[in-house]
Amino acid sequence: MPRAASRPMSETDPAKNEVTMHPAPQPAAPKGGEAQYPSLSPSTRALAREPEPPAGAAEGLPRPMRWLLAAIDQIPIGVAMTRPDGILEYVNPRLSAVTGLSLQEALGLGIDAIRCADEGARLDQIRPFLLARGRWEGEVRYRDRAAGFLPALETVCAVGEPGGPVAGFVHFVQDMTSQRLVESLRRLAFYDGLTGLPNRALVEDRLSLAIAHGQRHHSSFAVLCIDMDQFKQVNDTLGHAVGDRLLAAVAHRLQAGLRVGDTLGRWGGDEFVALVEVIQQAGALRAIAERLVATGARPYAIGDLELPMTVSIGVSLYPQHGRDSRALLAAADAAMYQAKAAGGDTWRVAASG
């Protein structure tokens, strides 16, 4: 019986036609194995194997790699790439806009031409850390277009083949100017410009938090109203400039007399308020109050002057003397005037209601 003639491929065999006529291009495989993209995830490797049209300078690169390059060009964070010796090989448009240097102008410069770091954060100093751990992060300054320097949070990563030598470093540079502006505005809103202490608004906020904590945990804390004795006389006889320096010196001493975690704020004029948290024993409060009185009573050296100064302190306790801010402050204030009436340079606890 004669053998059937073999049929040529035709539209009746679409699967074979597709395989034969439209083979999927594959990236060249390394000798002895399949094509690999070691830096890409499995899903990204699959995309990388799709056929790609030419793309200018990125011709021949898989689509995910072109996307990555486009992302680096467009992200609102400065990116620089340097050789191990710190010579710039790339800056992205964001860093160019910040520094005023184009990519062409930056190429070949040392990164120190645009990066200014304090002691301990220079590239030559952090290089051993980078070689050992592969990553460093800290605050530095980067040159801006006006030939000044702006604050920046920088992350530096070492790059290279796994297990091989470091090929260079990638610097991610985030401008902190707006963050510093927010911090500056926050300080203006919540801190006293003369003493650097929390101002009245922040003290009231922390007092509210202390009350809420006391309600939840059934704990006690103390409110101290502290007033400088005879401060008006200093202002009237020596002037406000000397008075301001004396205020700042008293604030510093009072702060040093409190425990870590307690709050001292300037309430206004020559009056301070302290929040002494978690009072478990009456003896602990007595020790703090007596230390503040003794600390405030030592003479103060202001320029060529040596000025005596004392303080009067009134104390109220939560919840014995009040369960809200107004009641606690009023009770401490009344006790402070009792201390003044006794001649000052002492402290009093509010009377129980």
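Above this text you will find the structure in question.
Computed from a predicted structure; not experimentally measured.

For the rest of this paragraph, the subject is the sheet that holds strand β13 (residues 347-349). Read across the sheet, 5 strands follow the order β8-β9-β7-β12-β13 without closing on themselves; strand pairing throughout is mixed. Both outer strands of the open sheet, β8 (263-268) and β13, are each paired with one neighbouring strand and no more. Within the sheet, the average angular offset between the axes of one strand and its neighbour, ignoring direction, is 20 degrees. Of the strand pairs in this sheet, strand β7 (residues 221-228) and strand β9 (residues 271-276) are connected by 6 bridges, and their pairing is antiparallel.

Here we take up the pairing of strand β6 (residues 166-175). Bridge count between strand β1 (residues 78-82) and β6: 5 bridges; the pairing is antiparallel. Paired with Gly 78 across the bridge in β6 is Val 173. Pairing analysis gives 9 bridges linking strand β5 (residues 149-160) to β6, with the strands arranged antiparallel. Opposite Ala 152, over in β6, you have Asp 175 as the bridge partner. Taken together, β5 and the strand that follows it, β6, pair antiparallel across an intervening segment of 5 residues, in which Gly 163 is found at a positive phi of about 80 degrees.

Here the residue pair Tyr 318 and Pro 319 is connected by a cis peptide bond, since its omega of 0 degrees sits within 30 degrees of zero. Relative to the elements of secondary structure, Pro 319 occurs in the loop between β12 (311-318) and α12 (325-341). In this structure, His 218 is a non-glycine residue whose phi angle is positive, near 55 degrees. Structurally, the position occupied by His 218 is in the loop between α8 (200-217) and β7. With a relative accessible area of 73%, His 218 lands in the exposed category. Here the phi dihedral of Gln 230 falls at roughly 60 degrees; this positive angle occurs in a residue that is not glycine. Residue position: Gln 230 is located in the loop between β7 and α9 (231-238).

Let us now look at the sheet that holds strand β3 (residues 115-116). Sheet architecture is open: 6 strands sit in the order β2-β1-β6-β5-β4-β3, paired in antiparallel fashion. The open sheet terminates on both sides in strands that have one partner only, identified here as β2 (88-91) and β3.

On to the side chain of His 171, then. Mapped onto the elements of the fold, His 171 is located in strand β6. Within polar-contact distance, the side chain of His 171 engages the side chain of Glu 154 at 3.1 Å. Setting aside its immediate chain neighbours within four residues, His 171 contacts Gly 78, Val 79, Ala 80, Thr 82, Ile 111, Leu 123, Tyr 142, Glu 154, Thr 155 and Val 156.

Below, the discussion takes up the environment of Ala 339. Checked against the element boundaries, Ala 339 lands in helix α12. For Ala 339, a relative accessible area of 0% puts it in the buried group. Once residues lying within four places of it in the same chain are set aside, the contact partners of Ala 339 are Ser 312, Ile 313, Gly 344, Thr 346, Trp 347 and Arg 348.

The subject of this paragraph is the pattern of salt bridges. If you walk through the whole model with that rule in mind, you get 12 salt bridges. Here Arg 83 makes a salt bridge to Asp 85, at a shortest N to O gap of 2.9 Å. By relative accessible area, Arg 83 is classed as partly exposed at 34%. On the basis of relative accessibility, which here comes to 46%, the residue Asp 85 falls in the partly exposed class. Salt bridges linked by common partners bring Asp 227, Asp 229 and Lys 340 together as one network.

Scoring rules and cut-offs
- Residues numbered from 1 in each chain as written.
- Predicted model: local features only at pLDDT ≥ 70, side-chain atom pairs only at ≥ 80, totals over all residues.
- Heavy atoms only, no water.
- Pairing = 2+ DSSP bridges.
- Helix = DSSP H or I, 4+ residues; strand = E, 2+ residues; numbered from the N terminus.
- Axes fitted to C-alpha atoms, helices over the stretch in contact; angles between N-to-C directions.
- Buried < 20%, exposed > 50% of the residue type's maximum accessible area, 1.4 Å probe, protein only.
- Polar contact = N/O pair within 3.5 Å; in protein donor to acceptor, adjacent residues only side chain to side chain.
- Contact = heavy atoms within 4.5 Å.
- Salt bridge = Lys/Arg side-chain N within 4 Å of Asp/Glu carboxyl O.

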